[in-house]
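# Geometric and topological summary
What follows is each chain in one-letter form.
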Amino acid sequence: MDYKDIFSEHGPLARAIPGYAYRPEQAAMAKAVGAALALGEPLIVEAGTGTGKTFAYLVPALLSGRSVIISTGTRTLQDQLFHRDVPMLARAIGMPVKIALLKGRSNYLCRHHLEQLPQQRALFGTAKGSSRHLAKILRWSATTKSGDLAELADIPENSPVWPLVTSTRENCLGQECPQISSCHVYDARRAAQAAQIVVVNHHLLLADLALKDEGFGDLLPGVEAVILDEAHQVPDIAAQFFGLTWSSRQVQLVARDAAVELLKAQAGGSSINTLLQDLEARIAALYRDVPPKSGRIDWERLPDSFFDALTDLQNCLQEVGHHLEALGSGPGTAMCARRARQLAANLATLRGLEEHAGLRWADGGTLGLQLHFTPFEIAERLRAYVEARPCAWIFTSATLALGDDFTHFASRIGLCDARSFRIDSPFDYRDQARVYLPLNMPEPQDPGYTQCFIDACAPLLAASGGRAFLLFTSYRGLNEGLQALTKRFATPPFPVLVQGQAPRDALLKQFRALGNAVLLGTGSFWEGVDVKGDALCIVAIDKLPFASPDDPLLKARLEGIRRRGGNPFFDYQVPQAVLALKQGVGRLIRDADDFGVIVIGDPRLRTKGYGRIFLDSLPPSPVITDPAQGAQFLISRLAGLRQN
Ligand code: SF4
């Protein structure tokens, strides 16, 4: 059976999926993916919203009979593929398949750490409110087969109990673990190796490539294809794994684990206990210069006293390592000894790194101090990893190209010679949407900018009675936007929701249920958000989404481009902002029946030379500058809905 038959109006998908519609774009993408799988070649595909790209790569993956890793950007998509899409498609096309879901190790119960709970509690007590959660985990541990913590959905993600019952790469005993025969992490790995299709996420895949953190380095051998969905996230995630991170939290964890292991083995003594306490004191000395919540600090701005304190801590870690090893009281303490020495070695490596290779920086976050090294370049390394595993590497997302040009994305992943193509969205943007570019907007840095932006949106909000996402490029903009909205509408004729009032998914649920709300958001609302129907008729974007120039990661990348003789603004900042804008704009039309107005307040679209690049990347909808036209469009479409 060929792709045309499978995706046709009378094919197996049409029979299996209620409301199925044939989309030639989807069949075309499936054909291209199928060819890349057969040839074992890399491929980059941008598939516009509504193409149905998930099925367009799953069907050829199933038909190929090859062993395929599918990697997603989010856990939500990972779960959806494993629990719903792959089994349903396999049934529909009659291709039974062995499928496995593999997550990072922090998603699985660690039986070794669970067994150590009594010692943990004896030494450190139990955080307030955790007893109930721990009791629940203990009951569940007796019956769970997968050990997947997602089965405990009612324990919050930020509960302090999770580190007590999960493992990290550092504190896992591996082959020496007494629980290895019932270990959920190893079971999940084994199941993955025996499956034809394994669903992972980018963090796990890249950790595996870089042999870091949760990675075992055993996912890829033997695999015949890797399909990366939401692939626009890959370069940034790769930069995290190809760099180096050291944290005070790792030191605290090793001190804690060592104390637990010593208590369990009835080993120890005053000198090792004093050394473990010393570790805490040395960390406290670091906080004098980089207090918690102090944010990101450039390496060059760290004072000499900080580096002196770092040297003391490094020495103390070495001593702890030697003492623990000398005690020789079992695999648990031996592992802690290795971890302490490794943390000292990582510090030494980080301090000795060449400045021309990347950027070093400190981060005083809520969980303590982190020291990072971010390489200027990841493309060469990523390319080397891909070339070392010659199979079909397929990268897909709704936002990879600038117009028809894939150079920016392809060069970031080091695959400039990979075949690439774009599949247009099947939606009729000329009919379904308008792009409203308000006239007479001040420059974005003008203090009155946000008020003008809200005033420009107001006639549309009044016409639609709400039903809008107001997307901001910063928290500051969001707060100003809320004030401006309150000023413009003393009593808003629609409910107002603000990012941060509740978790993102809860807020979205509320937005959909209300049907006429206005939601003010930043960051996480620009992508991965799907609201179909007339609850969302306006997506208004305050400014072109250039990343903050203070971000050390961005600085590292710009510096890398500068050193190569490139132009950081045009080679990186503009393309990245174009892709981010495409993501934001893409929130509006999610279905063939959707309609609405995209508002972009930023006057640089017209006043700057680079504005054309942004304009060319927008959907082919009519551009309007008169708010009355936008208001009229919304009024007539909403009236049409009511009549039907
Ligand atoms: S092998 Fe590692 S993850 Fe598995 S139970 Fe032992 S310590 Fe935990």
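Parameters and conventions
Starting from 1, residues in each chain are numbered consecutively following that chain's sequence as written. Confidence filtering applies because this is a predicted model: local features only for residues at pLDDT of at least 70, side-chain atom pairs given and counted only at 80 or more, and all residues used for totals across whole chains, interfaces and linings. Hydrogen atoms and water are omitted, and side-chain values are computed over all heavy atoms in the structure. Proximity is defined per residue: if any heavy atom of the residue lies within 4 Å of a molecule or strand, that residue is considered near it. Secondary structure elements are defined from DSSP: runs of H or I of at least 4 residues count as helices, runs of E of at least 2 residues count as strands, and each element is numbered from the N terminus. When two rings of Phe, Tyr or Trp (its six-membered ring) have centres within 6.5 Å they constitute a pair, described as stacked for plane angles under 30 degrees, edge-to-face for angles over 60, and tilted for the intermediate range. Partly exposed describes any residue whose relative accessible area lies between the buried limit of under 20% and the exposed limit of over 50%, with all areas from a 1.4 Å probe on protein chains only and scaled to the type maximum. Any two strands between which DSSP finds at least two bridges are classified as paired. By the convention used here, residues are in contact when the closest approach between their heavy atoms is within 4.5 Å. Put simply, a salt bridge is a Lys or Arg side-chain nitrogen that is within 4 Å of an Asp or Glu carboxyl oxygen. Polar contact is defined as a pair of N or O atoms within 3.5 Å, subject to the rule that within protein one atom must be able to donate a hydrogen and the other to accept it, and that residues adjacent in sequence are counted only when both atoms are side-chain atoms. Source of the domain bounds: an automatic or database domain assignment. Throughout, buried area stands for the accessible area (probe radius 1.4 Å) lost by two parts on being put together, summed over both. The convention used is that axes are lines fitted to C-alpha atoms, helices contributing only their stretch in contact, and that angles between N-to-C directions extend from 0 to 180 degrees. For classification, angles of less than 35 degrees are called roughly parallel, those exceeding 145 degrees roughly antiparallel, those between 65 and 115 degrees roughly perpendicular, and all remaining angles oblique. Helix crossings are classified by the rotation of the near helix relative to the far one: an anticlockwise turn of less than a right angle makes the crossing left-handed, while a clockwise turn makes it right-handed. Think of it as three bins: nonpolar holds Ala, Val, Leu, Ile, Met, Phe, Trp, Tyr, Cys and Pro, charged holds Asp, Glu, Lys and Arg, and polar takes everything else, Gly as well. Like charges within 9 Å and nonpolar side chains (Val, Leu, Ile, Met, Phe, Trp, Tyr) within 5 Å are joined into patches, using only residues over 30% in relative accessible area that form no salt bridge. To measure how exposed things are, a 1.4 Å probe is used in the Shrake-Rupley method; for residues, cover is taken only from the protein chains shown.

Our focus in this paragraph is the site of the ligand. Around the ligand there are 13 residues in total, and Cys-110, Ser-167, Cys-172, Cys-177 and Cys-183 lie nearest to it. Contributions of two or more residues to the shell around the ligand are made by helix H6 (111–115) and helix H10 (184–194).

Counted according to the given criterion, the structure contains 15 aromatic pairs. An angle of 80° between the planes, with centres 6.4 Å apart, marks the rings of Phe-469 and Phe-525 as edge-to-face. Of this pair, Phe-469 sits in strand S13 (residues 468–471) while Phe-525 sits in the loop between strand S15 (518–521) and strand S16 (538–541); the two residues are 56 residues apart in sequence, bridging distant segments of the chain. Residue classification places Phe-469 among the buried residues on the basis of a relative accessible area of 0%. Of the aromatic side chains, those joined through ring pairs into one cluster are Phe-546, Phe-569, Phe-570, Tyr-610 and Phe-614.

On strand S12 (residues 433–436), burial covers both faces: Ala-433 and Val-435 on one face and Arg-434 and Tyr-436 on the other are all buried. Where S12 and strand S17 (residues 596–600) come together, 4 bridges link them in parallel fashion. Bridging from a neighbouring strand, Tyr-436 pairs with Val-599 of S17.

Positionally, Pro-375 belongs in strand S9 (residues 368–375). Separated by 20 residues in the primary sequence, Pro-375 and Glu-355 place their C-alpha atoms 9.6 Å from one another. Those residues in contact with Pro-375 that lie beyond four places of it in its chain are Ala-239, Phe-242, Gly-243, Ala-357 and Gly-358.

The next thing to look at is the pattern of salt bridges. For the coordinates displayed, the defined rule picks out 32 salt bridges. Across the salt bridge formed by Asp-148 and Lys-103, the nearest N and O atoms sit 3.1 Å from each other. Taken together, the positions of Asp-148 in the loop between helix H8 (130–141) and helix H9 (162–165) and Lys-103 in the loop between strand S3 (99–101) and H6 put the pair 45 residues apart, joining distant regions of the chain. Asp-148 gets classed as buried once you look at its relative accessible area, which sits at 11%. Across the salt bridge formed by Asp-431 and Arg-637, the nearest N and O atoms sit 2.8 Å from each other. Residue Asp-431 is found in helix H19 (residues 429–432), and its partner Arg-637 is found in helix H27 (residues 627–643); the two are separated by 206 residues along the sequence. Arg-637 sits in the partly exposed class, given a relative accessible area of 23%. When salt bridges that share partners are traced, they join Asp-79, Lys-103 and Asp-148 into one network.

What follows concerns the side chain of Thr-333. Locating Thr-333 in the fold gives a position in helix H16 (residues 331–352). The exposure class assigned to Thr-333 is buried, which follows from its relative accessible area of 2%. Within polar-contact distance, the side chain of Thr-333 engages the backbone oxygen of Gly-330 at 3.1 Å.

Here we come to the domain arrangement of the chain. Split into domains, the chain comes out as domain 1 (3–98 + 196–242 + 378–423), domain 2 (105–185), domain 3 (244–375) and domain 4 (429–643). Relative to domain 4, the C-alpha centre of domain 1 lies at a distance of 29 Å. Opposite the 13 residues of domain 1 that make contact, domain 4 presents 14 residues. Taking both partners together, domain 1 and domain 4 bury about 1200 Å²; carbon and sulfur atoms supply 52% of that area. Broken down residue by residue, the surface that domain 1 buries against domain 4 is led by Thr-49, Thr-399 and His-408, which jointly contribute 43%. Inspection of the domain 1/domain 4 interface yields 2 salt bridges. A salt bridge links Asp-236 to Arg-557; the shortest N-O distance between them is 3.3 Å. Across the domain 1-domain 4 interface, the total number found is 11 residue pairs in polar contact (both at pLDDT 80 or more).

Take the packing of helix H20 (residues 449–464) against helix H21 (residues 475–488) next. Geometry of a packed helix pair, given as the angle between the helix axes and the separation of the axes. In contact at an axis separation of 9 Å, H20 and H21 are set at 55° when each is read in the N-to-C sense. Between H20 and H21, the crossing angle belongs to the class labelled oblique. Handedness of the crossing formed by H20 with H21: right-handed. Here Thr-450, Gln-451, Ile-454, Asp-455, Ala-458 and Leu-461 of H20 come into contact with H21, specifically with Gly-477, Glu-480, Gly-481, Ala-484, Leu-485, Lys-487 and Arg-488. Along the lines of polarity and charge, the residues of the contact of H20 with H21 split into 5 nonpolar, 4 polar and 4 charged.

So, about the sheet that holds strand S1 (residues 43–47). Taken together, 7 strands build an open sheet; the order of strands is S3-S4-S2-S5-S10-S1-S11 and the sheet is parallel. Unpaired on one side and paired on the other, S3 and strand S11 (419–423) mark the two borders of the sheet. Strand-to-strand twist of the sheet, defined as the mean angle between neighbouring strand axes without regard to direction, takes the value 15°. Looking at chain direction, S1 and S11 are connected through 5 bridges and run parallel. When the bridges of S11 are listed, Ile-44 appears paired with Ser-420. Sitting on the sheet, helix H3 (residues 24–39) touches S1, strand S5 (225–228), strand S10 (392–397) and S11, and the angle it makes with S10 is about 155°.

Here the focus is the side chain of Asp-85. Along the chain, Asp-85 turns up in helix H5 (residues 75–93). By relative accessible area, Asp-85 is classed as buried at 2%. Look past the residues within four positions of Asp-85 in its chain and what remains in contact with it is Thr-54, Phe-55, Leu-58 and Gln-80.

Together, Leu-123, Phe-124 and Leu-263 give the surface a local cluster of nonpolar side chains, amounting to about 230 Å² of exposed area. Mapped onto the elements of the fold, Leu-123 is located in helix H7 (residues 117–124).

Let us now look at the sheet that holds strand S14 (residues 496–498). Taken together, the 7 strands give an open sheet; going across it, the order is S14-S15-S13-S16-S17-S12-S18, and neighbouring strands pair in parallel fashion. Edge positions in the sheet fall to S14 and strand S18 (623–624), since each has one partner strand and no second. Inspection of the sheet shows S13 paired to S16 by 4 bridges, in the parallel sense. Counted as the bridge partner of Phe-469 is Val-539 from S16. Running at roughly 150° to S15, H21 makes contact with S13, S14 and S15 of the sheet.

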